[in-house]
Amino acid sequence: MSALVPLPVVVPLLGAALTLLLSGRPRLQRWVSVLCLSSVLVVAAVLLVQAYRFGPVVVQVGGWPAPVGIVLVADQLAALMVLVSSAVTLCVLLYSIGQGRGETGETAPVSIFHPTYLVLTAGVTNAFLAGDLFNLFVGFEILLAASFVLITLGGTEVRLRTGSTYVVVSILSSLLFLSAVGLVYAATGTLNMAQLAGRLDALPSGVRLTLQLTLLLAFGIKAAVFPLSAWLPDSYPTAPAPVTAVFAGLLTKVGVYAIIRTETLLFPGGQVATLLMVVAGLTMVVGILGAVAQSDLKRLLSFTLVSHIGYMIFGVALSSVAGLSGAIFYVVHHITIQTTLFLVAGLVEERAGSTDLRRIGGLARIAPMLGVLFFVPAMNLAGIPPFSGFLGKLGLLQAGVAAGGTLPAVLVAAGTLTSLLTLYAASRVWNIAFWREPRLATATPPARLPGLMVGATTALVALGVLFTLLAGPLFQVTADAATDLRERTPYVRAVLPRDVP
Amino acid sequence: MTRGAAGPTLVLVLAVGVLVAAGVTLLLERSLTRILLGIILLGNGVNLLILLGGRAGAAPLVGSTSQGEMSDALPQAMVLTAVVITFGLTAFLLAVAYRSWYTSGDDEVQDDLEDRQIVRLAESNEVSTADLGGEGPNGDPEQVDPEPARRRLRRDGETQ
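Residues numbered from 1 in each chain as written. Chains lettered and ligands numbered in written order. Predicted model: local features only at pLDDT ≥ 70, side-chain atom pairs only at ≥ 80, totals over all residues. Heavy atoms only, no water.

**Overview of the UniProt feature "domain: NADH:quinone oxidoreductase/Mrp antiporter transmembrane" (unreviewed entry) in chain A**
Stated precisely, the cut-off is as follows: UniProt positions are given in the numbering used here, feature names are shortened, and annotations may be inferred rather than shown by experiment. Going along the chain from the N terminus, every DSSP run of H or I of four or more residues is numbered as a helix, and every run of E of two or more is numbered as a strand.
Mapped onto the present numbering, the UniProt feature "domain: NADH:quinone oxidoreductase/Mrp antiporter transmembrane" (unreviewed entry) falls at residues 130-419 of chain A. End-to-end, the C-alpha atoms of residues 130-419 of chain A are 34 Å apart, and along that stretch the chain is 80% helix and 0% strand.

In structure tokens:
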């Protein structure tokens, strides 16, 4: 069964090579990409079941035993992340195929899209499965390099301008991460996360705190936590719709995943809990206030993305089982919903010619189906019962109340306020873009949207609703994952069977 | 790294410091070319830092040296990977800078969109979020109660 673990990384990489060779035959290229991502989805589902029933699945790459060789670990958290991310990437791939001609009217080299997209997927899954700090770094680099190509796709002036900001900020965070890796190695003599868990505990608390803060700084930039989030709303919206969607859904969540992993496995004990809570509260409030002031749909959604990262950081900061469980549930919910909303924004752009709220209106009358596709995830994001957004926020707020104390109470209030303001922002978009007098920004709107685009978006909306229906079992998995994370021993024992701390 | 040194030599530590400091200074510039130079310096500084993390010594080849004198091979392997990655990213950034110069005539990084919007609104003395609601119910024909549909008089010829 452990032979399955490397597949989510290897299959997309091989697929990328194959699609690059097939760049002259777009039809075959699409089939290869779809086939690759579907198989990753199946493998991820099997891994999750396996991890849930029998504990973490570990593979030692090249047969070298654990502390020496590199390990890939699929525990429940990693397997769940791989499962959700592969489902989302598959839907976005179908959407981009439905968009067909790739970027209409531009001279974009579409043949490069599929290989790069598959490399991006491989990087994301590698980051999730890495059991080694340096391998985590390599995963980040793979996904970043691919994302650089995707965000500047076409090389137009606007994309280059916003893309260069993104590239520079990402490289800077990578360098911070790299120096943190170097420092961790200098301090402990290992980079295997299971072994680090024991060795970091033995360090003097000052050194430990320095290492923790350096790693947090690097991951904070990637996850777009408030003081480090200014790059995100500027760089994401200009990319092509499917690219923005997958970036918004996945890339920041990889940062959040890394924060969860390091804060539980490597640095437990909540030494920086206060800092994380303050930062989480500021991320929520500042982010959503930014969203309220926007007049472009994509920029507005980018700000809600930043804002809702705060919920996950809040859950991590609580570091109780309930808090972590809520955070993981929220990550799963938010990956799906945020991607869906960006895909809908792409549909709006296709149908109405723009996502600028000042130039569009009355879409609910012109395209009722589009209205439904926007309304359901928007209300889900805003946390209207009974959707999964409500359940996730409820879980986190309950965990906050259970923790007691002033700061968690303030955070609970901030979370409620953010939820209400999200509802305001979402209904503002609804009022302006979907009600009002019909108004389109294009003189020649398409008669109907491509079926595959609508189909892929509908599938993601349905997935979001499915999380609502399956919230009970899903919470069971996340609670189980959170318990394992808190205990640390299941992970360490799976990687290093001999020496459990 | 010198053989048998007790720890990292001071010169190397200073080199890391200088490289990182110069890199950060260049990063604060506006021109993409200078930012690129900053990233190169910063990357080299960080790579050197990783190298300092391992034990210094002779080449880590089994048989040529005794185990106690060997240098730590792992940081060297990591630095190799990091150098390759930094090299690739530098090449990409160079391409972006060139393309940016090609399309817009310079490679300056502009103020971000939000700043420019706020400056523009401040100059024209407008509030930042104008009410986008627009028209009242009368502006939209479908929100006014429809008049009873007018029946067309049928002519005998059409009813067949």
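**Points about the layout of surface pockets**
Just so we agree on the cut-off: Here a cavity is any set of points on a 1 Å grid over the protein atoms alone where a 1.4 Å probe fits but cannot get out, and a pocket is any open set with protein on both sides within 12 Å along at least 5 of 7 lines; a residue lines the site when it has an atom within 4 Å of a point. Grid points are joined across faces, edges and corners, and a volume is the space filled by probe spheres set on the points.
Its volume calculated, the second largest pocket comes out at about 600 Å³. Lining the second largest pocket are 21 residues, and of these A:V68, A:G69, A:I70, A:D132 and B:L74 lie nearest its centre. Mapped onto the lining of the second largest pocket, the elements with two or more residues apiece are α5 (133-151) and α7 (193-201) of chain A together with α3 (73-104) of chain B. Here the lining of the second largest pocket gets five residues from one element, more than from any other, and that element is α3(B).

**Some remarks on the interface of chain B and chain A**
Operational definition: Any two residues whose heavy atoms approach within 4.5 Å at even a single point are treated as in contact. Note on definitions: buried area is the accessible-area loss of two parts on being combined, 1.4 Å probe, summed for both. Any Lys or Arg side-chain nitrogen found within 4 Å of a carboxyl oxygen on Asp or Glu counts as a salt bridge. Identification of polar contacts relies on pairs of N or O atoms within 3.5 Å, with a donor-acceptor requirement for protein atoms, meaning one able to donate a hydrogen and the other able to accept it, and with residues adjacent in sequence counted only if both atoms are side-chain atoms. Throughout this entry, Asp, Glu, Lys and Arg are counted as charged residues, while Ala, Val, Leu, Ile, Met, Phe, Trp, Tyr, Cys and Pro are counted as nonpolar. The remaining residues, Gly among them, count as polar.
Residue-level contacts link 39 residues of chain B with 43 residues of chain A. In this assembly, chain B packs against chain A so that about 3400 Å² is buried in total across both faces, 71% of it on carbon and sulfur atoms. At the boundary of chain B with chain A, the tally comes to zero salt bridges. At the junction of chain B and chain A, the tally comes to one residue pair in polar contact (both at pLDDT 80 or more). Only α2 (32-53), α3 and α4 (113-123) of chain B provide two or more residues apiece to the side of chain B that touches chain A. Sort the elements by how many residues they give to the side of chain B that touches chain A and α3(B) lands first, with 14 residues. For the side of chain B that touches chain A, the per-class residue count stands at 20 nonpolar, eleven polar and eight charged.

**Notes on the UniProt feature "transmembrane region" (unreviewed entry) in chain B**
Residues and elements named next belong to chain B. Under the feature "transmembrane region" (unreviewed entry), the UniProt entry names residues 6-28, 35-57 and 77-98. Taken as a whole, residues 35-57 contains 83% helix and 0% strand, while its terminal C-alpha atoms sit 36 Å from one another. The span residues 77-98 carries 100% helix and 0% strand; its end-to-end C-alpha distance comes to 32 Å.

**Remarks on the side chain of A:T125**
Residue and element names in this part refer to chain A. By secondary structure assignment, the location of T125 is in helix α4 (residues 113-129). At a separation of 3.0 Å, a polar atom in the side chain of T125 contacts the main-chain carbonyl oxygen of P8. The residues touching T125, leaving out its near neighbours within four places in the chain, are P8, V9 and V82.

**Brief notes about a nonpolar patch on the surface**
Stated formally: The patches described consist of residues with a relative accessible area above 30% and no salt bridge, like charges being joined within 9 Å and nonpolar side chains (Val, Leu, Ile, Met, Phe, Trp, Tyr) within 5 Å. Accessible surface is estimated by sampling points in the Shrake-Rupley manner with a 1.4 Å probe; for residues, cover comes only from the protein chains shown.
A contiguous nonpolar surface patch, about 260 Å² in accessible area, is contributed by A:M1, A:V42 and A:V46. Relative to the helices and strands, A:V46 resides in helix α2 (residues 26-54).

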